[in-house]
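Overview (structure and organization)
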Amino acid sequence: MPVDKFCRMLSIAIKMLLHNKTRSISTIVGITFAFFLSSAQVGLMVGWCNTCTAIIRHANVDVWVMADHTPAFDYGTPIPRQRLYQVRSVPGVAWAESMFMGWMFWRRPDGRVTNIELVGVDDGLVGAPWKMADQAVNVIFDPDSVIIDTLYQGQLGVERLGEEVEIGDRRAVVHGFSKDVRTLTAAPFVFTSVDAGVKYDLRYRADEITYVLARCESGVTPEQLRDAISAELHSGQVLTSTEFVWKTIRYWMLETGLGITVITTAVLGLVIGTVIIGQTLYSITNDHLPNYATLLAIGFGRGQLVCIVLIQAIVLGVIGIVIGSTILGRVSALSQTTPIPIETRPDVLGGIVIVLLGSCVVASLLSVRSIFRIDPVSVFRN
Amino acid sequence: MVSALTCQDLTKTYGRGALADRALGGVSLAFAHGESCMLLGPSGSGKTTLLSVLGCLLSPSSGVVEIAGRRVDYGSPRSLTRLRRSTLGFVFQHAQLLQFLTVQENLGIVAQNAGMQAKATSARLEQLLGQLGLSEYAHRKPGDLSGGQRQRVAIARALLHRPSIILADEPTAALDWENGQAAMRLLVDQAKADDALLIAVTHDTRLTPLFDRVILLESGKVSAA
């Protein structure tokens, strides 16, 4: 369609929408609601996926070795420390260290008890907090030292550095604050050394750990190293970092039903939005049927009328999405300082924009049917 | 000289079988350029159906329509749209202006759609609005105009792109006698000035003197022409 013809259609479409302000505004509100709801839900899900795999991703290793049937990072169980030495002996391994992970009771300074996920890191500090408030992360190796995140200070009852608490029945001293190390579960991550972690958790023997982390020599791929370590070990699970990330995401999002709930809400948002768009566009088109009949009679083709309806759908869609994304941007910025951030990734938002604009066009097809039923002779009968 | 419009044995039947209703029963007419014709007839005589068929809005059941010597292809919606866009002009009983556009925009879209150049459009617009006494209402919306003013805008819309055929359906029915007569006189004079054929349906026999020819339609057939 030539540009001038398109501009003409655009002008008619917009003026028609402005003539029906109430209907147009209700459509925009519907689209804004659908976009915000869907994007926020998907943003929450992306945020959760990032949160539940943060330690795996920030550890930046190639291969993880763990007990059989470990469903996710948070549910590691003891394996013999000997596994670490076995892994180090495998050709292709450039580096390997251990990690501890266990659920513990945290007794706050005021005596109240809460659950934590205790993470113990080895000498290389791999898996330690990646962002600290002020202190250096190696305070983790001070005697009885633990690092907690500023996001969970209130929950853990800690106001300042040096405060004493108990993990299990053993003394621990808060020597550092990390920043933005979130947990998907209600139990905050608390970091310590691997040796201290094993001591705190009485279910572990002194010669047990939770994970072995390994990096490849140059020229060896993570998959090759995974296969080589698997061949060397007779029990346990060996996964590349990417596999462990997806296994953890799959567990939290699918096996717990968390992701399904979020996806359902996002889809419902899109469906409700599409229905609202469809109904209001249909009403707007029906209100203007006599005008469309006049346009047909004075020489407009049905294709041009369909073009007007589609333009209306897209204009309303774009306005709704712009308003929705502005609100989402604000809410997302506010959520960054909370334990549940809404991640607004451009690719995710782009996908939702395409789906929603597609919904607008599909919804407008209902109205297009009315255009094809118009009898131009009706201009003589009205 | 080729006629502006001819129709030969035009029939139109609505419905089928026992419910079939024959609205046109073999109408044959020829119209010259610049001619003004009044189409008279009682309700249900087929006036609007004939106007719809001649206006390329409705397909006849049988028969042939020729515009400027070329047969109208009712099987091609595209060619019918093209004819309505450039060759035909319509004036409807209730003006049927687009309420969401100003007077100027209502006229402008017809000109743009007919492919008129912007300069020519604005000159023609100015001329017509002036002749029809609408200059000061160019930027008003139809809702802000009286019935007579709206009908004059509808006349301007029908004339703007200089169509060779103007079809008017009861253009004065919604107006009082004085306004109705003035509007019809305007329409006849303007059509004449553009050498356009005007076919106007009306019930008002007092308007007969304004026209070159009166066609009487009864039960779908021409009884006097």
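Keep in mind it's a predicted model, so treat the numbers as computed, not measured.

Parameters at a glance
Residues numbered from 1 in each chain as written. Chains lettered and ligands numbered in written order. Predicted model: local features only at pLDDT ≥ 70, side-chain atom pairs only at ≥ 80, totals over all residues. Heavy atoms only, no water. Helix = DSSP H or I, 4+ residues; strand = E, 2+ residues; numbered from the N terminus. Buried < 20%, exposed > 50% of the residue type's maximum accessible area, 1.4 Å probe, protein only. Contact = heavy atoms within 4.5 Å. Areas by Shrake-Rupley, 256 points an atom, 1.4 Å probe, with all protein chains shown as cover. Lys, Arg positive; Asp, Glu negative; His and termini not counted. Charge placed at Lys NZ, Arg CZ, Asp CG, Glu CD. pLDDT = per-residue confidence, 0-100. Pairing = 2+ DSSP bridges. Axes fitted to C-alpha atoms, helices over the stretch in contact; angles between N-to-C directions.

1. Points about the overall build of chain A
Assigned secondary structure in chain A consists of 13 helices and 11 strands. Structurally, chain A occupies a C-alpha span of about 95 × 50 × 30 Å along its principal axes. Relative to its full complement of 382 residues, chain A shows a buried share of 53%. Restricting the contact set of chain A to residue pairs at least 6 apart, pairs at least 24 apart contribute 79%. In the structure as shown, chain A presents an accessible area of about 16,500 Å², 60% of it carried by carbon and sulfur atoms. Side chains of chain A carry 31 positive and 33 negative charges; the gap between the two charge centres is 15 Å.

2. Considering the environment of Tyr-282 of chain A
All names here are of chain A. Tracing the backbone through its elements, the reader meets Tyr-282 in helix H9 (residues 258-287). On a C-alpha basis, the gap between Tyr-282 and Ser-364 in space is 7.1 Å, while along the polypeptide they are 82 residues apart. With residues up to four places along the chain from it excluded, the contact list for Tyr-282 reads Leu-366, Ser-367, Ser-370 and Arg-373.

3. Some points on the confidence of the model for chain B
For chain B, the average pLDDT comes to 90, and 99% of its residues sit at 70 or higher. For this predicted complex, the interface score ipTM comes out at 0.88, alongside a pTM of 0.76.

4. Describing the sheet that holds strand E6 (residues 88-91) of chain B
Residues and elements named next belong to chain B. Taken together, 6 strands build an open sheet; the order of strands is E6-E7-E8-E3-E9-E10 and the sheet is mixed. Looking at the sheet topology across the chains shown, the edges are occupied by E6 and strand E10 (221-224). Strand-to-strand twist across the sheet, computed as the mean angle between neighbouring axes with direction ignored, equals 25°. Of the strand pairs in this sheet, strand E7 (residues 165-169) and strand E8 (residues 197-201) are connected by 5 bridges, and their pairing is parallel.

5. Thoughts on the pairing of strand E7 (residues 170-178) of chain A
All names here are of chain A. One ladder, built from 5 bridges, connects strand E5 (residues 145-149) with E7; its direction is parallel. When the sheet's bridge partners are listed, Val-146 is paired in E7 with Val-174. The antiparallel hairpin formed by strand E6 (residues 164-167) and E7 contains 2 residues in its connecting segment, where Gly-168 sits at a positive phi of about 65°.

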